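# Structural overview for review
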Amino acid sequence: MMAARASLVLKNVTLPDGRVSDISTGGGVVLHVGAGWPCDRMIDCTGLLVLPGATDIHVHMRGGSQSGKEDWQTGSKSALAGGVTLVVDQPNTVPPLTTPELFANRVREAEGRSACHFAINSALTANTDIRRMWGAGAMAFGETFYAPSSYGAIIGTSALERSLIAIRALGGLVTIHAEKVNPVPDNDLAGHDRARPVSGEMESIQTVQMFNRSGCRLHFCHVSSTASVDAVMKASFEVTPHHLFLSYESFSDPADPEGKVNPPLRSEKERKGLWARWDRIDIIASDHAPHTVKEKRARFADAPAGIPGVETMIPLLVAKVLDRTITLPSLIQKTSAGPAALLGIPQAGFNTGDRADFAIYEKVPARIHADNLHYRCGWTPYEGMPAVFPKKVIMDGIVVYHDGEFIRGTPRWFAGKGYRA
Ligand code: NCD
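Being a predicted model, the structure only gives us computed values, none of them experimental.

Quick notes on the rules
- Residues numbered from 1 in each chain as written.
- Predicted model: local features only at pLDDT ≥ 70, side-chain atom pairs only at ≥ 80, totals over all residues.
- Heavy atoms only, no water.
- Helix = DSSP H or I, 4+ residues; strand = E, 2+ residues; numbered from the N terminus.
- Rg over C-alpha atoms; globule rule 2.2 N^0.38 Å.
- Buried < 20%, exposed > 50% of the residue type's maximum accessible area, 1.4 Å probe, protein only.
- Contact = heavy atoms within 4.5 Å.
- Areas by Shrake-Rupley, 256 points an atom, 1.4 Å probe, with all protein chains shown as cover.
- Lys, Arg positive; Asp, Glu negative; His and termini not counted.
- Charge placed at Lys NZ, Arg CZ, Asp CG, Glu CD.
- Near = heavy atom within 4 Å.
- Polar contact = N/O pair within 3.5 Å; in protein donor to acceptor, adjacent residues only side chain to side chain.
- Nonpolar A, V, L, I, M, F, W, Y, C, P; charged D, E, K, R; others polar.
- Domains from an automatic or database assignment.
- Buried area = accessible area lost by both parts, 1.4 Å probe.
- Salt bridge = Lys/Arg side-chain N within 4 Å of Asp/Glu carboxyl O.
- Axes fitted to C-alpha atoms, helices over the stretch in contact; angles between N-to-C directions.
- Parallel < 35°, antiparallel > 145°, perpendicular 65-115°, else oblique.
- Left-handed = near helix turned anticlockwise from the far one by under 90°.
- Pairing = 2+ DSSP bridges.
- Right-handed = clockwise from strand over helix to strand, strands pointing away.
- Expected span 1.5 Å × (residues − 1).
- Arc of directions from axis to C-beta.

Now for the overall build of the protein chain. On a plain count of helices and strands, the protein chain comes out with twelve helices and 19 strands. Taking 22 Å as the expected radius of gyration for a compact globule of 421 residues, we find that the protein chain reaches 21 Å, a close match to that expectation. Structurally, the protein chain occupies a C-alpha span of about 70 × 50 × 40 Å along its principal axes. The burial tally for the protein chain puts 60% of its 421 residues in the buried class. Long-range contacts, defined as pairs at least 24 residues apart, comprise 72% of the intrachain contacts of the protein chain with a sequence gap of at least 6. Just so you have it, the protein chain exposes about 16000 Å², and 53% of that area is on carbon and sulfur atoms. Across the protein chain, the centroid of the 44 positively charged side chains sits 4 Å from that of the 43 negatively charged ones.

And the structure:
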């Protein structure tokens, strides 16, 4: 019998439960956890933090006519450099992903350019042919705009109600951007919070759950307030890094368009309230929504809403693990295991058979600087904040990022369950 052999062994990995073990990988998966197998390549992880590759279920990779903001090449490299090995792209592209043909083109665009694994969601509007989009390989339906946002075509209540029944029948998942917009002046960050208030977010979360009588699987995007967290009953939800790390009070210019995002940044009190509910949060997702510096230098009222964040999400949170605000297992659950379970895809991790995606961190915080980031738009609202960026990132058992260098891996499309090739 041939001796078992691994292509890559991570040696002396401290597992989330504190045990130290070697992880042998091959064929894209974890082959063995225990004493390392003979291997082609070995990485000693003594003293380092090893996390499974994260899945960011909410990114806007742009591309096409929006390539000035971002495209698959820059966005996916940015993901890898931030410890994210799988991204779920949102369908509010230009044009939005409303037909199987547009969806297939989007998959081809990503296949040709992405450096990391990816999945793609279908738009959900009044006219979406749900069955065909499911067959085309949509991972989920959404984000579904129950309120308007940048590039989001809004769906009405009765169309959403009908769609939930149809998607329930297929066993699909619907992700919802829940908000309400008030006709009040929206000329600065605090005004933006009043124009899209916490009460409106909370009420629309309640409304959508109420008319989801068929029990379709629901997920709420970027929940931004404690009242809204408490309003989620029969659904999962995500919270973004910007709602955890920024408030409208953290900007020296109260009308700084860099902080304009939907749902809005809230007060410091709300921000702290979200941290107090850390254990309740199902998933952390970045809502990576890049816009150019030029667009973000417009007057507040004219600037598009959105904050880039796929590269800084895990690094900001690893810094919070190191300062003991949160635990390592909770971070892994919300950024890797939880997202995989929600999407029904194999998880990255520390068990035999898991996807061999990992990110390796030194336990030393650095400061975030826009110049060091890899996405195209070139700015960050987290300038100067402490963060821990990965030294190495591994995807399918292959080192794809090392100290600022990218090495081509085997990125692939994760199609949804309804996919008919
Ligand atoms: C997003 C964008 O720019 O695509 N903007 C945002 O403020 N979050 C759209 C969205 O997710 O609402």
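As a structural note, the neighbourhood of the ligand is formed by 17 residues, with Arg62, Glu143, Ser149, Asn262 and Asp287 the closest of them. Here a nitrogen atom of the ligand sits 2.8 Å away from a polar atom, N or O, in the side chain of Asp287. Interatomic distance of 3.1 Å between a backbone N/O atom of Ala305 and a nitrogen atom of the ligand. Among the residues forming the shell around the ligand, the class breakdown is four nonpolar, ten polar and three charged.

Right, let's talk about the domain arrangement of the protein chain for a bit. When the parts of a complex come together, some accessible area is lost, and that lost area is often used as the size of the interface. What the domain assignment lists for the protein chain is domain 1 (6-49 + 352-406) and domain 2 (53-343). Each partner contributes to the interface: domain 1 provides 34 residues, whereas domain 2 provides 45 residues. Interface area, domain 1 with domain 2, both sides summed: about 3200 Å², of which 70% is carbon and sulfur. The largest share of the area that domain 1 buries against domain 2 comes from Arg376, Trp379 and Tyr382, three residues that together contribute 25% of it. Where domain 1 meets domain 2, there are one salt bridge.

Here we come to the side chain of Thr175. One can find Thr175 in strand E10 (residues 173-177). Exposure remark for Thr175: the relative accessible area of 6% places this residue in the buried category. For Thr175, the residues in contact, after removing those within four places along its chain, are Asn121, Ala140, Phe141, Gly142, Glu143, Thr144, His219 and Cys221.

Attention now goes to the environment of Lys234. Tracing the sequence through the fold places Lys234 in the loop between helix H7 (226-231) and strand E12 (236-239). Its relative accessible area of 71% is what places Lys234 among the exposed residues. Between the C-alpha atom of Lys234 and that of Gln206, which follows or precedes it by 28 residues, the distance is 9.9 Å. Beyond its immediate chain neighbours, meaning those up to four positions away, Lys234 contacts Gln209 and Leu218.

Below, the discussion takes up the side chain of Ser236. Along the chain, Ser236 turns up in strand E12. Engagement of the side chain of Ser236 in a polar contact is seen with the side chain of His219, the distance being 2.8 Å.

So, about the packing of helix H1 (residues 72-81) against helix H2 (residues 100-113). Their axes nearest at 9 Å, the elements H1 and H2 cross at an angle of 60°. With respect to H2, the axis of H1 lies oblique. Helix-helix and strand crossings are classified by hand; for H1 and H2 the assignment is right-handed. On H2, the residues touching Trp72, Gln73 and Ser76 of H1 are Arg106, Glu109, Ala110 and Arg113. Its residues placed into classes, the contact of H1 with H2 shows two nonpolar, two polar and three charged.

On to the pairing of E12. Alternating residues of E12 divide into Ser236 and Glu238 and Phe237 and Val239, and every residue in both groups is buried. Where strand E11 (residues 217-220) meets E12, two bridges bridge the pair, whose relative direction is parallel. Counterpart to His219 in the pairing with E12 is Ser236. Crossover handedness for the path E11 to H7 to E12: right-handed.

The next thing to look at is the sheet that holds strand E4 (residues 39-44). In a beta sheet, neighbouring strands pair by backbone hydrogen bonds and run either parallel or antiparallel. The strand order across the open sheet built from four strands is E3-E2-E1-E4, with neighbouring strands paired in mixed fashion. Looking at strand neighbours, the two that pair on one side only are strand E3 (29-34) and E4, the edges of this open sheet. For this sheet the average axis-to-axis angle between neighbouring strands, irrespective of direction, equals 25°. Here strand E2 (residues 20-26) runs beside E3; their pairing, made up of five bridges, is antiparallel. Across the sheet, the residue bridging to Ile23 is Val33, located in E3.

Okay, helix H4 (residues 157-170) next. Since the α-helix turns once every 3.6 residues, residues separated by three or four places project in the same direction. Relative to the 20 Å expected for 14 residues at 1.5 Å per residue, H4 spans 20 Å between its end C-alpha atoms, a close match to the ideal helical length. Turning to H4, its buried residues number three or more, namely Ala159, Leu160, Ser163, Leu164 and Ile167. Buried residues of H4, seen end-on, are gathered within an arc of 135° and therefore sit on one face of the element. Residues of H4 that are exposed and angled more than 90 degrees away from the buried face: Arg162, Ile165 and Ala169. Where H4 is buried, its residues touch helix H3 (130-136), strand E9 (141-145), E10, helix H6 (198-210) and E11. Just beyond H4, the residue with positive phi is Gly171, at close to 80°.

What follows deals with the environment of Val229. Of note, Val229 is situated in helix H7. On the basis of relative accessibility, which here comes to 0%, the residue Val229 falls in the buried class. On a C-alpha basis, the gap between Val229 and Leu160 in space is 21 Å, while along the polypeptide they are 69 residues apart. Val229 has contacts with Val223, Phe237, Leu274, Arg277 and Arg280, leaving out every residue within four places of it along the chain.

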